[in-house]
Amino acid sequence: MKKLFITALFFLNILTLFSQNPPEEFFNGLDLLEKNTKKAKKEFLVALQKDSLFHGTYHFLGVLSLGENEIDSAVTYFTKAVLLNTENSKHTQEMSYNRLIDAYLYNHDFKNAFNVAWEANQKYPDNKTLQLNLKDVCLWSFYINHNELDSAYLSSEVKDEYIVNSVSEEYLIVRKLRIDDHYLMVTSQALKSEKGASYDVLTCKLSKIDKNIDVKFRLNWDMGKHFGGKVADTDEVYSNKDLPVYERVGALYVKDSDINIEKEIKKVLKKEKKL
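### Considerations on the layout of surface pockets
- Size it by volume and the largest pocket reaches roughly 1,700 Å³.
- Together, 46 residues line the largest pocket, and Val63, Arg99, Arg178, Asp181 and His182 are the ones closest to its centre.
- Among the secondary structure elements, those contributing two or more residues to the lining of the largest pocket are helix 1 (2-18), helix 4 (55-67), helix 6 (92-106), helix 8 (128-146), helix 9 (167-175), strand 2 (178-179) and strand 3 (182-194).
- In terms of residue count, helix 6 provides more of the lining of the largest pocket than any other element does, eight residues in total.
- Partitioning the lining of the largest pocket into residue classes produces 17 nonpolar, 16 polar and 13 charged.
- The space that makes up the second largest pocket amounts to roughly 200 Å³.

Right under this line is the structure:
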């Protein structure tokens, strides 16, 4: 009886969260998310057939698609979730926006990632996660296109090691890693030497669960000459008007992390309109 009471309360909270009356299969899918993702997906697909206008179903199908590395499907689902969610009850549209930006980034589609991030930030200027995602779009595009960061590192999957050219690249990589849809929080950092190479090891805790994981970064620069790493000429990148705004502002942010990135983007966009 106690279990049924807790489950009923959970369902009521979800109903309040989405401000709609979704099909029973939607709740079945939620209940199965942590137990059996394949069965959860089947339930969500049935819910979608019964109600094709409920944004919550699209959102969670997008989450499952990301977990299966089906990025194109995730983009489709999250796009639909954003479009259908006109009320943003309990910040649910903001959640879908953040997931959509991630999906575009995992697809290495910086243009659409930036467009969505910029739109979301104009709509929800107080959302800190959206602000960070906007910065990350700019940083990833700069580091991959101008600082020799391997594009394969823009992934949710944890690799055995990463070769990086600066410390800031390490934290950028960690922010996009996911284990069973849990993000990583850095708890400590340690320099180590292995077979003549220098490594930075970040010990991370998984969100919401008591589990730690080490992420290894091989430092691809001379520590004696460059303490925090080596970076391409940011002034040259920023001054190149043929480059997209997100790459140019990414260069500016790498040079000075204290800038107001939104103001700088507006400044560049305003100049581009005058050309």
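Read on for the rest.
### Quick notes on the sheet that holds strand 4 (residues 197-206)
- With mixed pairing, the five strands of this open sheet are ordered in space as 1-5-4-3-2. The sheet terminates laterally at strand 1 (162-164) and strand 2, the two strands that pair on one side only.
- As paired elements, strand 3 and strand 4 share 10 bridges and run antiparallel to each other. Residue pairing across strands places lysine 192 opposite tyrosine 199, the latter belonging to strand 4.
- Each of strand 1, strand 2, strand 3, strand 4 and strand 5 (212-219) is contacted by helix 9, which is oriented at about 145 degrees to strand 3, the strand it contacts most.

### Considerations on helix 6
- The terminal C-alpha atoms of helix 6, which comprises 15 residues, lie 21 Å apart, in line with the 21 Å expected from a rise of 1.5 Å per residue.
- With respect to burial, helix 6 is a largely interior element, 13 of its 15 residues being buried.
- Of the residues one or two after helix 6, histidine 108 is the one with positive phi, at around 60 degrees.

### Some thoughts on the packing of helix 8 against helix 11 (residues 245-255)
- Between helix 8 and helix 11, the least distance of the axes is 7 Å, while the angle of their chain directions is 95 degrees. By the angle between their directions, the pair helix 8 and helix 11 is classed as roughly perpendicular. The segment helix 8 lies against helix 11, with Lys135, Cys138, Leu139, Ser141, Phe142, Tyr143, Asn145 and His146 engaging Tyr246, Glu247, Val249, Gly250, Ala251, Tyr253 and Val254.
- Residues that form the contact of helix 8 with helix 11 fall into these classes: nine nonpolar, four polar and two charged.

### Quick look at the environment of alanine 152
- Tracing the chain through its elements places alanine 152 in the loop between helix 8 and strand 1.
- A C-alpha to C-alpha distance of 9.8 Å links alanine 152 and tyrosine 162, two positions 10 residues apart in sequence.

### Digging into the pairing of strand 3
- Note that strand 2 and strand 3 share two bridges and pair antiparallel. Its bridge partner being in strand 3, isoleucine 179 is matched across the sheet by histidine 182.
- Connecting strand 2 to the next strand, strand 3, in antiparallel fashion are two residues, including aspartate 180 with a positive phi near 50 degrees.

### Observations concerning the environment of glutamate 161
- Topologically, glutamate 161 is positioned in the loop between helix 8 and strand 1.
- With 109 residues separating them in the primary sequence, glutamate 161 and serine 52 have C-alpha atoms 42 Å apart.
- Each residue touching glutamate 161, except ones within four places of it in the same chain, is listed here: Tyr153, Tyr199, Lys216 and Arg218.
- For glutamate 161, the side chain forms a polar contact with the side chain of tyrosine 199, separated by 2.8 Å.

### Describing the pairing of strand 5
- Direction of pairing for strand 1 relative to strand 5: parallel, over a ladder of three bridges. From the neighbouring strand, isoleucine 163 faces strand 5, where its bridge partner is arginine 218.
- Judged from the seven bridges that link them, strand 4 and strand 5 form a sheet pairing that is antiparallel. Residue pairing for strand 5: aspartate 200 is matched across the bridge by phenylalanine 217.

### Considerations on unusual backbone geometry
- The backbone phi angle of asparagine 69 is positive, close to 60 degrees, even though this residue is not glycine.
- By secondary structure assignment, the location of asparagine 69 is in the loop between helix 4 and helix 5 (71-84).
- On the basis of relative accessible area, asparagine 69 is assigned to the partly exposed category, the value being 49%.
- Phi at asparagine 88 takes a positive value of approximately 55 degrees, unusual for a residue other than glycine.

### Some thoughts on the packing of helix 7 (residues 110-123) against helix 8
- Where helix 7 meets helix 8, the closest approach of the two axes is 9 Å, and the angle between their N-to-C directions is 155 degrees. With respect to each other, helix 7 and helix 8 are oriented roughly antiparallel. As for the relative orientation of helix 7 and helix 8, their crossing is left-handed in sense. Packed against helix 7, whose contacting residues are Phe110, Ala113, Phe114, Ala117, Trp118, Ala120 and Asn121, the element helix 8 presents Leu130, Gln131, Leu134, Val137, Trp140, Ser141, Ile144 and Asn145 at the interface.

Criteria and cut-off values
- Residues numbered from 1 in each chain as written.
- Predicted model: local features only at pLDDT ≥ 70, side-chain atom pairs only at ≥ 80, totals over all residues.
- Heavy atoms only, no water.
- 1 Å grid on protein atoms, 1.4 Å probe; cavity = no way out; pocket = protein on both sides within 12 Å on 5 of 7 lines; lining within 4 Å.
- Points joined across faces, edges and corners; volume = space filled by probe spheres on them.
- Helix = DSSP H or I, 4+ residues; strand = E, 2+ residues; numbered from the N terminus.
- Nonpolar A, V, L, I, M, F, W, Y, C, P; charged D, E, K, R; others polar.
- Pairing = 2+ DSSP bridges.
- Contact = heavy atoms within 4.5 Å.
- Axes fitted to C-alpha atoms, helices over the stretch in contact; angles between N-to-C directions.
- Expected span 1.5 Å × (residues − 1).
- Buried < 20%, exposed > 50% of the residue type's maximum accessible area, 1.4 Å probe, protein only.
- Parallel < 35°, antiparallel > 145°, perpendicular 65-115°, else oblique.
- Polar contact = N/O pair within 3.5 Å; in protein donor to acceptor, adjacent residues only side chain to side chain.
- Left-handed = near helix turned anticlockwise from the far one by under 90°.

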